[in-house]
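Below are the chains, spelled out letter by letter.
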Amino acid sequence: MLNSNLKNILNFNQDFLKNKEYKKFVTTKQPERKMVIVSCMDTRLTELLPQAMSIKNGDAKIIKNAGGVIVHPFGSAMRSILVSIYEFDVNEVYIVAHKECGMCNLDTADIIGKMIKKGIAKETIKILRSSGIDVEKWLHGFSCVEESLKKSISIVREHPLLPSKVAVHGLIIDPKTGELELVEDGSYVFETEEIK
Ligand SMILES: [Zn+2]
C-alpha cells in the first residue's frame, strides 16, 4: 500500500500534468551557461542556492551529495563533472560548500550506533572492517569547511582527465541568507594564451 507521502506526490503529479505546469520549465538538456555546480544535499539549499546564484532551469548541471564534496578522483561526483564537460560543453565548475554543514564534524561512531539500533549486526561492521572497509572513516565528512572545499577543488584541478580551459571555482554559501563567499577564483585558466 502506498504511504501517504508517496500517494500525495502522485496525486499532485496528476494535477501538475493536467494543468500543464511543466510548461514554464521547458528547456534543453544542454546547460545554457556552460556550468556545473557541486553542492550539498542540505534541504535549506534546495531552492535557495539556485536563486541566490541566479540559476534557473536549463542553466547549469547540479550535482549534490552530503557535504558537496569531491571525495575521490574516480568517484561518481568527479565522473559527473567530466561527463558535463565532455558531453555538455561545460567550462566552469562551481564547488559550493556551505556554512553549518551536517557533514562538518559528523559523529560517525554515533551513526554506527544508530545502524546497530536499526538492526544492522555488529558483525557486519566487523566483517566490512576486516575486508578493508572502515565504515567510520568512510562516513567521515570534514572538520573545516574551507579546508574540505580546497581539497575538493584540488581533486578536480589536478585530475588527469580535466582539460586545461576549465575553470574550477570554490565558494561558501550561507544557508540562511544565500550570501556567497568567494574562496577560490578559477577564472585564470581563460586568461593566458600561450605564446608560440
Ligand atoms: Zn551540508
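(A) Representation of the overall build of the chain within the structure. Secondary structure assignment for the chain yields 8 helices and 5 strands. In sequence order, the secondary structure elements of the chain are arranged as α-β-α-β-α-β-α-α-α-α-β-β-α. Per-residue burial over the chain gives 34% buried out of 196 residues. Look at the contacts in the chain between residues 6 or more apart in sequence, and 73% of them connect residues 24 or more apart. Here the chain displays about 12900 Å² of accessible surface, and carbon together with sulfur accounts for 55% of that area. In the chain, 27 positive and 26 negative side-chain charges are present, and the distance between their average locations comes to 8 Å.

(B) Structural detail: unusual backbone geometry. The residue Lys20 is not glycine, and still its phi comes out positive at about 50 degrees. Inspection of the secondary structure puts Lys20 in the loop between α1 (4–18) and β1 (35–40).

(C) Geometry of the sheet that holds strand β4 (residues 167–173). Judged by pairing direction, the sheet is mixed, and its 5 strands sit side by side in the order β2-β1-β3-β4-β5 without closing on themselves. The strands lining the two open edges of the sheet, one partner per strand, are β2 (60–65) and β5 (180–184). If you compare each strand with its neighbour and ignore which way they point, the axes differ by 25 degrees on average. Of the pairings in the sheet, the one linking β1 to β2 comprises 6 bridges and is parallel in character.

(D) Spatial organisation of the packing of aromatic side chains. The tally for this structure, following the rule as stated, stands at 1 aromatic pair. When the centroid spacing of 6.0 Å and the interplanar angle of 35 degrees are considered together, the rings of Phe12 and Phe16 count as tilted. Residue Phe12 and its partner Phe16 are both found in helix α1; the two are separated by 4 residues, about one turn of the helix. A cation over a ring is seen here: Lys61 above Phe88, with NZ or CZ 3.7 Å from the ring centre.

(E) Region of the structure containing the nonpolar core. The biggest cluster of nonpolar side chains holds 22 residues, and the ones touching the most others in it are Ile70, Ile81, Ile95 and Val156. When contributions to this core are tallied by element, the ones reaching two or more residues are β1, α3 (76–88), β3 (92–98), α7 (145–157) and β4. No other element matches α3, which puts 5 residues into this core. Setting aside residues no more than four positions away along its own chain, Ile95 makes contact with Val38, Gly68, Ile70, Leu149, Ser152, Ile153, Val156, Val168, His169, Gly170 and Leu171. Membership of the second largest hydrophobic core comes to 16 residues, among which are Ile37, Leu45, Leu49 and Phe142.

How each quantity is defined
Residues numbered from 1 in each chain as written. Predicted model: local features only at pLDDT ≥ 70, side-chain atom pairs only at ≥ 80, totals over all residues. Heavy atoms only, no water. Helix = DSSP H or I, 4+ residues; strand = E, 2+ residues; numbered from the N terminus. Buried < 20%, exposed > 50% of the residue type's maximum accessible area, 1.4 Å probe, protein only. Contact = heavy atoms within 4.5 Å. Areas by Shrake-Rupley, 256 points an atom, 1.4 Å probe, with all protein chains shown as cover. Lys, Arg positive; Asp, Glu negative; His and termini not counted. Charge placed at Lys NZ, Arg CZ, Asp CG, Glu CD. Pairing = 2+ DSSP bridges. Axes fitted to C-alpha atoms, helices over the stretch in contact; angles between N-to-C directions. Phe/Tyr/Trp six-rings, centres within 6.5 Å; stacked < 30°, edge-to-face > 60°. Lys NZ or Arg CZ within 6 Å of the ring centre and 35° of its normal. Core = buried A, V, L, I, M, F, W, Y, C linked by side-chain atoms within 4.5 Å.

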